[in-house]
Structures are given as structure tokens and as C-alpha cells.
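Structural description and commentary
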Amino acid sequence: MARGHRSRRQTRKPPLDPTLTASYELSLDNTPYSPKKFSADAISADRRRLYRDPVPLPTCDAPSAIPALNEDATLDWLGHSDGVFEPPQIGASAPDPFFLESDPEAGEGDGVLPLEEGATRYMTSDEPMKLWISRRDVYLGELLRHDGRGCYGRNRCESCPDGVDGGSANIRCLDCLSDAHVCSTCAVQRHVHNPWHRVQRWEGRAYEATTLRALGMVVRLGHGSDRSQCSNPILRPSFTVVDLNGRHVISVQFCGCDKAGNAGDHVQQLLRRRLYPATDVEPNTAFTFSLLAHYHIQSLQGKISMYDYYTSVERLTDNTGTQRVSDRYRAFMRVVAQWRHLKRLKRSGRGHDPAGVEGTQAGELAVRCPACPQPNINLPSNWATVSDDLQYLYMLTVAVDACFRLKRRMVSNETKDPSFGSGWGYFVEDSCYKEVLAEYKDQEEISTCTGLSAIDHANTKYSKGYAATGIGAVVCARHEFWLPNGAGDLQKGEKYINMDYVFVSSMRDWLVVKKLVSYDIACQWSKNIVERISKLPSHLQIPVPEGSISYPRDPRHSQYSLNYRLGCARTDGEGIERRWWWIQPIANSTKVMGPGMRQGMLEDQWGYSNWRKTVDLGSLDALLRLKEAEREYQEHKSLFDALTATLDPDRCREWEGEVEAWEANPAGHDDPYVVVSQGLTESETARELSKEEQAASALPGFVAVHSVSMLGFVTLGLEIEAQQRHLSDDAKAAIPSRLSELYERRTSLRRKVQRFRDLQGVYMPAASLILSEDPACRTDVQEVERIRLGLPSEISASRRSAICSPRLLEIEARLREGQCRSALQDLRGKLHTIHQLYSYKRLNVRNQGPNTRARAGIAHQECGKDLAVRRYRCARRAKLALSGPGDWEKELQVLEDGDIRGLEEDDPLSVKSKRKRRRGDVQDPAEGRRRMSWIWHSADKDGASDMIDSLRVEWLKVRARQMRWAEEVKLLPEEMRRVLATYRYEHQVWMSRSAAPPSTDPALKEGMVSYAVRQARIRSAMAQVFRRICLPVAESSSPSAVQDWDCEGWCVGSEGQEIAAEQEGLELMDYLMISQLDGEDLGT
């Protein structure tokens, strides 16, 4: 049964037990609200399921907690004589207040999301830990039994040959399956082929640790094939071997007789017994292949550090500190570095090449993406002559970025720690790279233009003591493969020369293929890139077609967005960020390594990452992506057709013509994805009103009632209101040393309020009496930020017309509308900056100092965001009070807490991203299916032209989404075909290597043939599985794309491989179902 396979036996749901239904006798007259939901639980017959059924309850209408206002009530509108307003009573008519009730601290949204229905709970299969608790004594007793002789209490050895008086049976092995006790002679004979086992001697009352060497074992090398005795052995009585179960000191005999020529030197004799020597000259320490292979996979998959792993092995040897253990950690580091390099050479076929290791070419040790276009490997013969609308099928899409976590301190040097083949893998060749960098020492960093330059400078300026402050790299953007020669160290920041050199080095193998480059700061990097590349050495100069560089993130750069570019399909450009996140656990380890060891470890990790991507891409990933693309394309096509059917066909053709012209030449046309007609902001509204007042003052008969105009009066009130918000926030967090400054600000604000009161007597004379009587409006208070100003929007609707002139109401209403737009614009800017700051901090910032600076910058932006939210809500309440409901609400909607999110975030009501994944949950959507908050596409809807302009942008975005999904549906079958073609090519390469191994040694030649055939069979098996899984879906999606998927003649494996491939296909649906379960079911 496949991993994670679950039985599908269904249990019929039993009828609800009536005795479990509670009887509720409630009087709703005494409850503040009616209960919405009660339920009763029932347990299934097999006690594996918990069923929950709703219980119907009698309902009645509870009295409303909101009193009905009686507008005809004739109450004292000034309030009581003591100035205290009493709350209205339920059922009684409420007074008509002078001021509207408002809470400047409260938002328009309650900030509470609807409660989710609880997921079905399982009584686990079924509470195994509770069952184990009751049997702890049994388990503990069995563990203690192993500290004695158990059932092997015999005194004489029963393993001795017949006729031989058995010795004392006092030796047992801790690593053998059997606990049988034997004598010393039999123990040595039993472990001739297992010399690294740990043994103990029974001393009458307890065991004492001993070794096979103490029992007389000698490991003999050089005569393993013929089992003959060496006539001239060379004894090493204290040879150290480190294995998975600890460190061992053994006696070793090297062959020194006349057969030593066939046996090899001491190093070869060790290697042929699967022992890796610590040194190449007179080795006295060796590490088993099992240990090295085990650590290798642990470091690749688990990212365990070398020090922690070796220390754990030492603890297995002695965890009490009572034994003197020789430190072999430095030797282990050297051996692991060599082991990594040899494995990469072996897998790339360098052992089968007559040129040997020294003939390795640049980037040859890298694992390449099988789905990316590779000329002469996986591209059809007519790929270069296809029509322009299909050229994206054979386009290489790459992503460029830098990571400042992968630093390296200035320790060691290239002499002490050389690189094993610089430029053979993923890093650029060091010597040429450093020569070019030496000519650009004074070059400035690339401007990020996203508000991160201050933090970037704050982190990169602390580069003293670091040989490298980070790494710049290039990856395949669609499949997240690290590219050969696509990585290089950064000395200080993200400079043009570093990123240019890394980029052109990675592109030399794809010169004839059309390329699309994604870079988060491409808007800056793409400037003058052709000129900069022309100044590089001749072997690094490559053509860069105009318009091939894209910037995937900022919505204000449509020409750089992958969502709007033709041929990008559903490439998000964020794959390199995910690769940085995958590699970051080893950053602390590589930071203190020498140059050669760090480079070797990073390249090994990247090679493993590429191989795992190859395995996933060749089995399930491509299938899931194609199914998803077909589903999303149909959905977005339906949405686009439905929207188009509601619009004027002539207008749609006009819009399509405009966007097609822009797609052909973005620089020569206006951006069609930007709403051109926006409403006036607060400052623009103030200017318009000022012009109107100037025009009115020039009319005959105009008399100014005060030196400050009515516009100046309202503007002063809004200014005081904003200062009150700032002062209120600062007063809450004031520290003793800043109190004097706070008092000065209050004094200054009080003067402004008093001036506002004077103007209020001119423009709102009827309100003077109320303002003098209301305690909240008094100015002789200490906390001046709490004074109620009495702006027209604060007065109740029934009293407002008698207090304020129509012109005064119009001025504030228009200013409030502009204030809403300004607040939204500020909010959008803050949200975008916060997202960029978080992304930068997560990927590049480490250690306390840089983290503190980054958090301070984020906190400052968060405060600005909260202030913009409060400003918008306050302005909108005032606008609603002055103008009432209307068409303006289509643009300036109610700002709920769930609406305050960036472009990269989705509606919290539709995405459950805060809890563990459950069956039926979906991942956070990308741009192609995202539900943006209304704050990002809000436009002025007051006029017909504005409505059409906003509708045009929305129609274009829907069109772009369905086009990208359509491209994805066509591109994925082509990538699948390329995967099979790459497997076929690699299969042929390995079979050709097996046919002509470059060695005359029969044993070595046989090993070469065996390894090559095994690698060819691996490609054959992977192709079988891939074809069996993906062919049905790809054929239904694009029949013409699977015409050359035939694997006959090369994709033929053994019977076991065919059965495995068939089983893989049969269990696919099980795997798909399991992948939708939560983390516990997935074993994560």
C-alpha cells in the first residue's frame, strides 16, 4: 500500500439518540439576545467518528436594543441644566441631540470576522498515546531487561564447533539482531564482516564495554577477493574508524606482499573496503561510506550542521565524559568536502570521460532543468521558425535576485581552503570575476526605488569583517532551478557589476533562445544594461533584446508586470525568493566557512534542490499544474465572456486595439492599466475652492465678513482635527523626558482652537450658545486634544441647516471627499511599503542590530498606516453626515478591517491562512485569481467618463488573466514534452558511456558500465512514470502536443520497474487525496 494510503470503508451514520437531545426551557425576555445555534453530539458505532447535529430551538423576536427615535418629540435640545446628557431608555422616544455621536477611535468595521464552522473532529485512531500511558510499566520493564542477560543466561558458549570445549559465554553485540552470548573467539569470527559493531562483556553483575580489537580482531586489507593470507602484512594497531554508531579503534593490516600491486596503496585498500581515509599520506583515520552517505543526505534534506552531526556521533561513543576521545572533527570536515565533490563528479559522468576530472567544462556539474528549452536536446527542429504568437513556447524565463543572508566572514583564504573546480557548477569562475570587479570598486548600488534604500544602506554599511555580504543568483523562473554559473558573491550591496556579471555568465548556454528576465528592481537595473554589458570581457558579452526584462511586483509598473506581458503564462517571478527561503537554514553554518568549503556546500545544496525539483517535475507537479491551468482558464474565460457581453462591442474593440498597441510597444504608448481620471485630493479640492472664492470676491457687491475666508475657517478646523489625532497618540506613549514637549504642543494647539472659536462666532453664530454650554467644547481644559470643535459635520442633521450656511456645508463636504482620497492614497503607499519592508527583512536581515533597525522602520510605517485608516474613517463619517448616501459611496466605500490589506494579500473571509490546512482549503491566490481589496481599484465614479475609465481597466485585467491562463494551458504540455525529450537524451548519453568506458582495469570497467546502465535505467523509469501519469491529461488538453511522447525503444525497464511505474499511476488519485489533508496526515 502506498505511503499514507487510508482505508475507504464508510460507516453509516447512526440515528441521533433522542436521549442526547437537551431540553431547553428558556425565557428570552430575560436574555440579551437569542441563542443562534445549539447542537447535540453522537458517537459512531466503531467509536471513530463524532457526529454533531443542530438542535432546533423555539425562537422569538427579542426587543431591539436600539431605540426608535421620535422626531416629533419636543425635548430640550440644549440638554439638562447640568450639561449631562442621559442615555435614552428602551422603548421611549430619544431626544434630538445637537451633536452627532461619534467615536474617533472606532472604525467603521467591527474588525470581527465571521466564525468558521468547526471541522469534523476524529477521535484519532484512536488516542494511541493514552493507550500507551497505561502500558508504560511494560515498556519500561522490557528496556530494563536488556540491561541484563535476559533469556541468554547460559555460562558456556553454544556457538563453538562440535568437539571444542565451549568458552565462557560472556560477550554480546549491541548491533546484531540476536542478543545471544558467545565466547570471545566466536564473537570475533561472527564479526569478520561487521568489525564496527559494539560489544559488551558480562562481568557477573553488570556489563562492561569492550571492543572487538580487545577480543583479538584484526581487519585485514588487500586480500578480500582471494581470502589468502598476506605474507608481509603492515600492522596499524590503533587505527580509528568512525561509523554511524560511533568511533572505533581497531587493528588494521595493510597488504605489503607481492600482491600489493593489485591491492593498491594504503588509500586504495581502504577505499575498496568502503573506508574513506582522512589523509592521502599514511592515513590513520577513516570514515565509513555509510557514515558519509548518511550525513550527506541529512545535511541536504535536514540542513543539519556538520558540527552537530559529528558531535552526536561522538556522544554515541561516550556520553559520560569519562573516556578520552580524540577529536576528528577537522578531518571529518575535509572528508565531507571531498565526498561532496566526488559525488557531483560521479553523477555528472566525469569518471566516464577520457579527459578525466580536469576536462570538466564550465557549469558541467550543475543539474539542469529538464523542462526549460535546451537547443539540440529537447527542442523540436522547427522551434526557431514558429509564428510570433507561439514563440513564447520556446522562451527561457529566468529570475534574478540577491540574498544578504548568505554572508561569509573574512576567515581562511583560497590557499588554505581552495575551491574544487571553480566555475564547474553554479558559481561563476572566481579569478575572472575578481579581475572584473577590481575595475569597478567605486560603483554605487542599484537603487531599489521602493523605500528600502535606507535599510539596505544600514545593513550593507556594516560590511567590515565580511569577505562576502551576500550572493546574487539567477534561477529558472518557471521551475525554480538554479542555473549553471548563475551565482556570485556580493562584496558590498547589490551593485550593477556583480549582477551584470552573474547574469551574463548564466546566459551563455542560451544565446540562441529568446529570454525573459524577471528582477524585482528591473526598472533600475534595465537602464543602460546593453551599454554596461558591452564593457565586459568579450567572452561575456551577450545580446539583450529590448523589452525582455520584467519587474513582477509593483502595480505602478505595468510594462514590467508578468501579469500583462504576452507569453508569460502564469509565471509569478517569485521562485527565486522561495529558493532563498529553502537555502537560508544553512546560512549560519556557511558564514564561518572558508571560501572553498562554503562554495562546495552551497553548490551541493543547490544540486540537491535541482534534483528534487527534477523528481517532482517528472511525477506529480506537472500534472497538478496542468489540471489547475485548465480549470482556471475555463473559469476566467467565462468571466471575461460574461463581462464582455454586457459592454458595447465597439468600445471593447477600441480598448483591445489600445492594449494591443501597448503590448507591442509599451514605451511608446500610455499605460492602459492605469485609471486616468481620478477624483480630486484634499489639496486639489482646496485649490479649486480657493479659485471659486477668488472669483466670487471679484463680483460686484461682495463684502468680506472677516479677513479669514470661509474656506480658511473650515481648513483650520480640519488641520486642528488632524493635530488632535497626532497629539492623542503621542500622549498615550509619552515618556517623562518628553512631557515638556507635549505641554508645549498642547499650548500651541489651544491657541489654534481659540482662534477657531473666534471664527466660529463669525461663520456659525447660532452655535455659540451651545458651544459655551457643552463641557466637551470648553477650551479651558488640560487635554486640549479632547476638545470637540463643533464642525458642521458634527452637528445633527435636524439642527445643521439652522446653524450653517449651505456654502459652509458644501465646502466641508468637498474637503472631506478630497480628504478621503488623500487618506486612501496614503494608506495604499503605506501598505505597499510595509510589504516590501517585511519581504526585505525576511530574506536579508539577520542578527540583532539589523533586525532592530528593520523593525523600527516597519513600526513607523504601521503607525502611519493606522493614522491613514483613522483619517479616512473620520472623513467618510463626516462626508456621510453632510451629503448622505449617494453615488460617491461607490468609490469611497466603508473601510472594514478586512479591507486593509496589500495587493499580495487576499480576502481573509475567503482564505483561511491563519490555521492548519484542512481538507478543502485552498492556498493563497496569486494575481491571476486574487480578490483585491476595493482600496486598490477605487476610482472617482461621479461622472460617466470616470466610470468608463475604471471599467476599461477592470475589463483589461480580466482579459489579461484569461490570456495568461490560456498561454499556461498551451505551455505546460510543451514543457511536459521537453521533460520526456530530456530524459531520452540523458538515457542515450548514459548508454553511450556504458558502451565505451575509458579504463583497462576489468573491475573498474565493470563498475563504470554498471553505474552508467543504472543511471540510464533511472531515466527510463522516470520517463515511464511521467508518461503514465501525465499523458491522459496532456492528451485531452492538447492532442497535437503529445504526438512524439512515444517511449518505445528506449523507455524499457525491468519487470520490477514496470510494476513500480504502474503502481505509481494506480495510486495517483490516493496521493492527490492525501495531499489535501492536513499536515499530520501528510507526516510533516
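Residues numbered from 1 in each chain as written. Predicted model: local features only at pLDDT ≥ 70, side-chain atom pairs only at ≥ 80, totals over all residues. Heavy atoms only, no water.

**Quick word on the pattern of salt bridges**
This model, assessed by the stated rule, comprises 46 salt bridges. Linking Arg821 and Glu891 is a salt bridge whose minimum nitrogen-to-oxygen distance equals 3.0 Å. In this pair, Arg821 sits in helix 23 (residues 806–844) while Glu891 sits in the loop between helix 24 (848–883) and helix 25 (944–995), placing the two residues 70 residues apart along the sequence. The buried category is assigned to Arg821, whose relative accessible area is 9%. Among the ionic pairs, Arg964 bridges to Glu967, the shortest N-O distance being 2.9 Å. One end of the pair is Arg964 and the other is Glu967, both in helix 25 and three residues apart, which spans about a single turn. A residue is classified by how much of its surface remains accessible, and Glu967, at 9% relative accessible area, is buried. What you see here is one network of salt bridges that share partners, running through Glu480, Asp572, Arg578, Arg579 and Lys613. (Salt bridge = Lys/Arg side-chain N within 4 Å of Asp/Glu carboxyl O. Helix = DSSP H or I, 4+ residues; strand = E, 2+ residues; numbered from the N terminus. Buried < 20%, exposed > 50% of the residue type's maximum accessible area, 1.4 Å probe, protein only.)

**Quick word on the side chain of Glu785**
Residue position: Glu785 is located in the loop between helix 21 (768–773) and helix 22 (797–803). On the basis of relative accessibility, which here comes to 10%, the residue Glu785 falls in the buried class. In terms of polar contacts, Glu785 uses its side chain to reach the side chain of Arg746, at 2.9 Å. If we skip the residues at most four places from it in the chain, Glu785 touches Gln724, Leu727, Ser728, Ala731 and Arg746. (Polar contact = N/O pair within 3.5 Å; in protein donor to acceptor, adjacent residues only side chain to side chain. Contact = heavy atoms within 4.5 Å.)

**Here's the deal with the confidence of the model for the protein**
The pLDDT averaged across the protein works out to 79; a share of 76% of its residues lies at or above 70. Contacts from residues 1053–1062, a stretch scored under 50 in pLDDT, to residues over four places away or in other chains number 12 contacts. Taken together, the stretch residues 1064–1084 has pLDDT below 50 and engages in 40 contacts with residues farther than four places along the chain or on a different chain. (pLDDT = per-residue confidence, 0-100.)

**Comments concerning the environment of Gly818**
One can find Gly818 in helix 23. C-alpha separation for the pair Gly818 and Ala875, spaced 57 residues apart in sequence, amounts to 8.9 Å.

**Focus on a nonpolar patch on the surface**
A contiguous nonpolar patch, built from Met129, Trp132, Ile133, Val138 and Tyr139 and spanning about 510 Å² of accessible area, is present on the exposed surface. At the level of elements, helix 1 (128–133) and helix 2 (136–145) are the ones that each hand at least two residues to the nonpolar patch. Per-element accounting of the nonpolar patch gives the leading share, three residues, to helix 1. (Patch = residues over 30% accessible without salt bridge, like charges linked within 9 Å, V, L, I, M, F, W, Y side chains within 5 Å. Areas by Shrake-Rupley, 256 points an atom, 1.4 Å probe, with all protein chains shown as cover.)

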